[in-house]
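Here is what each chain is made of, one letter per residue.
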Amino acid sequence: MSFYVTTPIYYVNGEPHLGHAYSTMAADVLARHMRQRGEDVFFLTGTDEFGEPVAQQAEREGVTPRELGDRLAPRFKEMAAKVNASNDFFIRTTDEGHQKRVQEVVQQVYDNGHVYEGTYEGWYCPRCADFKTDSEIAEGNTCPIHGIELTREQQDNWFFRLSSFQEPLERLYAERPDFVIPDFRRNEALSFIRQGLRDVSLSRPKLKWGVPVPWDPEQVIYVWFDALLNYYTALSYAREGKDLTETYWPAFHLLAKDILKFHAVYWPAFLMAAGLEVPRGMVIHGYLLMGESKMSKSLGNVLDPFDAIDRYGSDALRFYCFREVSFGRDGAVSAAGFESRYETELANDYGNLASRVLAMVDRYRDGTVPNSEADPAIAEDFKGIVTRFSALLDKTELTVALDEVWTLVRRLNRFVEETRPWDLAKDEDEAGRLDQVLYTLIEGLRVTTLLLLPYLPVSAERLLGALGEEDRGLAELGSRGGGQQIERLGQLFPKLEPATG
Ligand SMILES: [Zn+2]
């Protein structure tokens, strides 16, 4: 089976920030998890470089739009690498392969009779590069997303007959209840559709910074259609001399709530109009809100993702974001909260457990995992974890899935306290019980660490190495026997001294 996952492509009118990192990390967790399940995964991210906002930003900076893109696209590439994203390709909408394919698809939509010429007048937000419907206009005639005043615009455009896709879209939503998750976002999209869809402009006149309309080079394709098409076009040229479309399309999209309408309404309609398969589904996430917070010990007041990674590593940031904020909802993050979770959960709950267990096997059993059977109480708590966890990630419940594993990590810590292996080791008659306890702990660590691998790719990899585990597939407790040689491990998440100065 194949699994194709995408992040939104990031607009190059500013530097990457935590919001971009969050989308990329979430898609990466899914990609890594699906690879562990043996799926043939393709993971795409990239940059969106055309359109009015980029042209305007370039003008303010006194550079050409292409120069702006050439400067910022590498910053987004670096960001992906920095959060340890395992993307298979990085698309730039200025890529020739993309533009060529966009023109082909748009021509197809035209040939299928879904495009006509007309004049559009309405309230327009230049930052969204979008006209607003009446229900989308905030108080004082402003954009609800950007808070800036809307302008009255009139344009001679090519139009996409979105209105004729109202029924097909309603049918799609009825037939596939999980097309958009979570539910409350699905309802939002569906109610937008049910209000009645108006045709939308497919092109922009005058503006030079875009992909030319194939049958009317005086106009460029509206940046949203060009951008959305990246998910489809990338497969046609990501691997030289090979078209991956058949293998991977349709995609599963991951995006933030501000671009819901484009993805959940315009995009499937446009694909239908081109005669292409609609996406496999999409998950909409909320925002990480950076409120006022008390000063943290070393990161200061604001959680800067790049500072946090430089000091604590990318695993710590990935873990914190999905642990702290329920995925799908908005939630507050802070530098102090980040450091607190790092210490109490990563360093204490998990890191200490790992080094303690490995040290005990080293000390009491010369570093060889005993042959035994799992403790029945722990086996009961772990029962079916792979199925439960996988089902949660199938619904992109990144936070609930992580909670499930963390409950088990804490259960293993309690098991150490309950069984007191250091006391068992003093009593020759308890040798069998000590074998069982150590075997159970090693198995528990192995199973939880395999599940955590997509969230903590660097540290989980280190720990699996120390556990002598070569397989990266998910495993149930007790599925590996004893006899392996383990290695001691230093602190996975070392305590950091507060920064000075
Ligand atoms: Zn706006």
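In the block above lies the structure referred to throughout.
Residues numbered from 1 in each chain as written. Predicted model: local features only at pLDDT ≥ 70, side-chain atom pairs only at ≥ 80, totals over all residues. Heavy atoms only, no water.

Notes on the overall build of the protein chain
When helices and strands are counted, the protein chain shows 19 helices and 16 strands. Against the 2.2 N^0.38 benchmark of 23 Å for 501 residues, the protein chain shows a C-alpha radius of gyration of 26 Å, consistent with a compact globule. Across its three principal directions, the C-alpha atoms of the protein chain cover 90 × 55 × 45 Å. Within the protein chain, the proportion of its 501 residues that are buried is 58%. Sequence separation of at least 24 residues holds for 77% of the intrachain contacts in the protein chain that already meet a minimum separation of 6. About 20700 Å² of surface is accessible on the protein chain, with carbon and sulfur atoms providing 46% of the total. (Helix = DSSP H or I, 4+ residues; strand = E, 2+ residues; numbered from the N terminus. Rg over C-alpha atoms; globule rule 2.2 N^0.38 Å. Buried < 20%, exposed > 50% of the residue type's maximum accessible area, 1.4 Å probe, protein only. Contact = heavy atoms within 4.5 Å. Areas by Shrake-Rupley, 256 points an atom, 1.4 Å probe, with all protein chains shown as cover.)

Examining the pattern of salt bridges
Applying the stated criterion across every chain yields a total of 36 salt bridges. Where E188 meets R185, a salt bridge forms, and the shortest distance between an N and an O atom there is 2.9 Å. Linking E188 with R185, this pair stays in helix 6 (residues 183-194), spanning three residues, or about one helical turn. A relative accessible area of 38% places E188 in the partly exposed class. (Salt bridge = Lys/Arg side-chain N within 4 Å of Asp/Glu carboxyl O.)

Here's the deal with helix 5 (residues 166-175)
Of the positions making up helix 5, those classed as buried are Q166, L169, L172 and Y173. Seen along its axis, helix 5 keeps its buried residues to an arc of 125°; they face one direction. Exposed side chains of helix 5 directed beyond 90 degrees from the buried face belong to E167, A174 and E175. Tucked into the core, helix 5 has its buried residues touching strand 8 (180-181), helix 6 and helix 10 (260-274). (Arc of directions from axis to C-beta.)

What about the packing of aromatic side chains?
For the structure on display, the rule yields 37 aromatic pairs. Judged by centre distance (5.5 Å) and plane angle (15°), the ring pair of Y116 and F159 falls under stacked. Here F159 lies in strand 7 (residues 151-160) and Y116 lies in strand 5 (residues 115-125), a separation of 43 residues in the sequence. By relative accessible area, Y116 is classed as partly exposed at 25%. The class for F159 is buried, based on a relative accessible area of 4%. Each ring, one from Y232 and one from W249, has its centre 5.3 Å from the other, and the planes form 85°; the classification is edge-to-face. Linking Y232 in helix 8 (residues 230-237) with W249 in the loop between helix 9 (245-248) and strand 13 (252-256), this pair joins segments that are 17 residues apart in sequence. With respect to burial, Y232 and W249 carry one shared label: buried. Of the aromatic side chains, those joined through ring pairs into one cluster are F160, F165, Y222, W224, F225, F262, Y266 and F270. (Phe/Tyr/Trp six-rings, centres within 6.5 Å; stacked < 30°, edge-to-face > 60°.)

Re the packing of helix 11 (residues 305-312) against helix 12 (residues 314-324)
For any two helices packed against each other, one specifies the crossing angle of their axes together with the interaxial distance. Two elements in contact, helix 11 and helix 12, have axes separated by 7 Å at closest approach and are oriented at 125°. One element, helix 11, and the other, helix 12, form an angle in the oblique class. Only S314, A316 and L317 of helix 12 make contact with helix 11, whose side of the interface consists of P305, A308, I309 and Y312. Tallied by class, residues from the contact of helix 11 with helix 12 come to six nonpolar, one polar and no charged. (Axes fitted to C-alpha atoms, helices over the stretch in contact; angles between N-to-C directions. Parallel < 35°, antiparallel > 145°, perpendicular 65-115°, else oblique. Nonpolar A, V, L, I, M, F, W, Y, C, P; charged D, E, K, R; others polar.)

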